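Listed below, chain by chain, are the residues.
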Amino acid sequence: MTQLPLYRHSGFQPEQPWFVLNAARHYSVIASDNPAISHFYSFEVAQNACMTLAIPDGCVDIVFDCDAQYPRARVCGTTLEARGADMQHNHHYFGVRFAPGIIPDFLDVMAEEIPDREFSFLDVVPDARLAFEQIVQARDFTRQIALFNAYFTPRLVRKASAVTSMIIQTMRQMHGNIRIDQLEALTGYTCRTIQRQFRQDTGMSPKAFSRILRCQSAINSIHLRQDLSFSDLAFDLGFSDQSHFLREFKKFVSTTPCDYQRRITDDDYFHRLQFH
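Residues numbered from 1 in each chain as written. Predicted model: local features only at pLDDT ≥ 70, side-chain atom pairs only at ≥ 80, totals over all residues. Heavy atoms only, no water.

Novice: Looking at this structure, how should I read the pattern of salt bridges?
Specialist: Side chains that carry opposite charge are capable of pairing whenever their charged atoms lie near each other. All told, the structure shown has 12 salt bridges when counted by the stated rule. Of the charged contacts, one joins Arg179 and Asp181 as a salt bridge, the two residues approaching to 2.9 Å between their closest N and O atoms. Linking Arg225 and Asp227 is a salt bridge whose minimum nitrogen-to-oxygen distance equals 3.3 Å. The class for Arg225 is partly exposed, based on a relative accessible area of 42%. Since its relative accessible area comes to 60%, Asp227 is described here as exposed. Each of Asp57, Asp61 and Arg97 takes part in one network of salt bridges that share partners. (Salt bridge = Lys/Arg side-chain N within 4 Å of Asp/Glu carboxyl O. Buried < 20%, exposed > 50% of the residue type's maximum accessible area, 1.4 Å probe, protein only.)

Novice: I'm lost on helix H8 (residues 191-202) in this one. Help?
Specialist: The end-to-end C-alpha separation of H8 is 16 Å, in line with the 16 Å expected for 12 residues at 1.5 Å each. For H8, the complete set of buried residues consists of Ile194, Gln197, Phe198, Asp201 and Thr202. Across the axial projection of H8, the buried residues extend over an arc of 105 degrees, all falling on one side. Summarising the contacts, the buried residues of H8 are in contact with helix H6 (162-173), helix H7 (180-187) and helix H9 (206-224). Directly beyond the C-terminal end of H8, a positive phi value near 85 degrees is found at Gly203. (Helix = DSSP H or I, 4+ residues; strand = E, 2+ residues; numbered from the N terminus. Expected span 1.5 Å × (residues − 1). Arc of directions from axis to C-beta. Contact = heavy atoms within 4.5 Å.)

Novice: Even after reading the chapter, I still don't get the packing of H7 against H8, so can you show me in this structure?
Specialist: Packed helices, taken two at a time, are described by their axes: the angle between them and the distance between them. Contact pair H7 / H8: the axes reach a minimum separation of 9 Å and the direction vectors enclose 90 degrees. Regarding the angle of H7 to H8, the classification is roughly perpendicular. Contacts between H7 and H8 involve Ile180, Leu183, Glu184 and Thr187 from the former and Cys191, Ile194 and Gln195 from the latter. Class assignment for the residues of the contact of H7 with H8 results in 4 nonpolar, 2 polar and 1 charged. (Axes fitted to C-alpha atoms, helices over the stretch in contact; angles between N-to-C directions. Parallel < 35°, antiparallel > 145°, perpendicular 65-115°, else oblique. Nonpolar A, V, L, I, M, F, W, Y, C, P; charged D, E, K, R; others polar.)

Novice: Is there a simple way to think about the nonpolar core in this case?
Specialist: A general tendency of soluble globular proteins is for nonpolar side chains to be buried together. By size, the foremost hydrophobic cluster in this structure holds 53 residues, and its most contacted members are Tyr27, Phe43 and Phe249. Counting residues per element, this core draws most heavily on H9, which supplies 7 residues. When neighbours within four sequence positions are excluded, Phe249 is seen to be in contact with Cys215, Ala218, Ile219, Ile222, Ser254, Thr255, Thr256, Pro257 and Tyr260. (Core = buried A, V, L, I, M, F, W, Y, C linked by side-chain atoms within 4.5 Å.)

Novice: Whenever I open this one, the sheet that holds strand S4 (residues 61-65) confuses me. Can you help?
Specialist: Where strands meet in a sheet, backbone hydrogen bonds hold them as pairs that are either parallel or antiparallel. Strand order in this open sheet of 7 strands is S8-S5-S4-S7-S2-S1-S9, and the pairing throughout is mixed. Each end of this open sheet is capped by a strand with a single partner; those strands are strand S8 (118-120) and strand S9 (273-275). Strand-to-strand twist in this sheet, taken as the mean axis angle between neighbours without regard to direction, amounts to 20 degrees. The pairing of strand S1 (residues 23-31) with strand S2 (residues 37-45) spans 6 bridges and is classified as antiparallel. The residue bridging Val29 from the neighbouring strand is Tyr41, located in S2. On top of the sheet, helix H4 (residues 129-138) reaches S4, strand S5 (72-76) and strand S7 (92-98); it is set at about 60 degrees to S4, its chief contact. (Pairing = 2+ DSSP bridges.)

Novice: How do you make sense of unusual backbone geometry when you look at a structure like this?
Specialist: What is expected of a backbone is that most residues other than glycine have negative phi and most peptide bonds are trans. In this structure, Arg25 takes a positive phi of about 65 degrees despite not being glycine. Mapped onto the secondary structure, Arg25 falls in strand S1. Judged by its relative accessible area of 61%, Arg25 is exposed. With phi around 75 degrees, Ser254 is a residue other than glycine that occupies positive phi space. Tracing the sequence through the fold places Ser254 in the loop between helix H11 (242-253) and helix H12 (257-266).

Novice: Could you clarify how one ought to interpret the confidence of the model for the protein in this entry?
Specialist: Reading fine detail from the predicted coordinates is not recommended where pLDDT is low. On average, residues of the protein score 93 in pLDDT, and 96% of them are at 70 or above. Predicted confidence for residues 1-10 stays below pLDDT 50, and this span has 31 contacts to residues more than four positions away or in other chains. (pLDDT = per-residue confidence, 0-100.)

Novice: Would you mind going over the pairing of S1 with me for this structure?
Specialist: Where a strand is regular, its side chains alternate between the two sheet faces. Where S1 hands over to S2, the hairpin turn is made up of 5 residues, counted between the paired strands. The pairing of S1 with S9 spans 3 bridges and is classified as parallel. The partner of Ser28 across the bridge, within S9, is Gln274.

Novice: Is there a simple way to explain the side chain of Gln144 in this structure?
Specialist: Mapping Gln144 onto the fold places it in helix H5 (residues 141-152). A polar contact is formed between the side chain of Gln144 and the backbone oxygen of Ile135, at a distance of 3.0 Å. With near-sequence residues (within four places) excluded, Gln144 lies in contact with Cys66, Phe94, Ile135, Ala138 and Arg139. (Polar contact = N/O pair within 3.5 Å; in protein donor to acceptor, adjacent residues only side chain to side chain.)

Structure below.
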């Protein structure tokens, strides 16, 4: 087991830093062998935790609350700005974070309904009662992953159009720093066609998705370098100026880049992370 930032394992990765900062003791992560899943995670919310925030990451999460008395599971679409996540003190959570832009095929819900919303897992995943019960009762992290894979791997990815797949791949490579006219040139499709198809496949507009990836890339960069220049970072990510970057970061992360950098240092962010 090592204690290294997730993005050092496999390049750009979506992060939920407030989950880590509000974890009691450790926040455990296991990468997935399937590219449709970014990673699995497991943690207990600390007794003295402040409100846990979810930030935009472009991902669908399935979060299992493994409380012995009142277990439940939720399907969570990406938020579009920072907002409170309903997580209880001292409860143990097991989560599955899909790769950005991926919609699980076993969800009985349209892609456009998912962003910025939550659903009861049992309401939108047909015939999942047995899987749910076994996962929340298992408690062992690796056993929970094995159960999830056994039940859901055959229906993991909802088929997306070729143009959407190309755009997602390109946006991830460019850290979200790409304009719609560049996407038109890349794909050979018109702006209108790109917008319609991308929203149909992911539930988001290309612009919203690119903004999310840019902010996640900023978080990755802050984690990598303590001596980072925020003006240089704003320029590298294609923001018009530093003030635009600061406004966007605060909207998405609920704090300034400077305060965020101080917080992860003071709270030993990387010592909380455990990779198996």
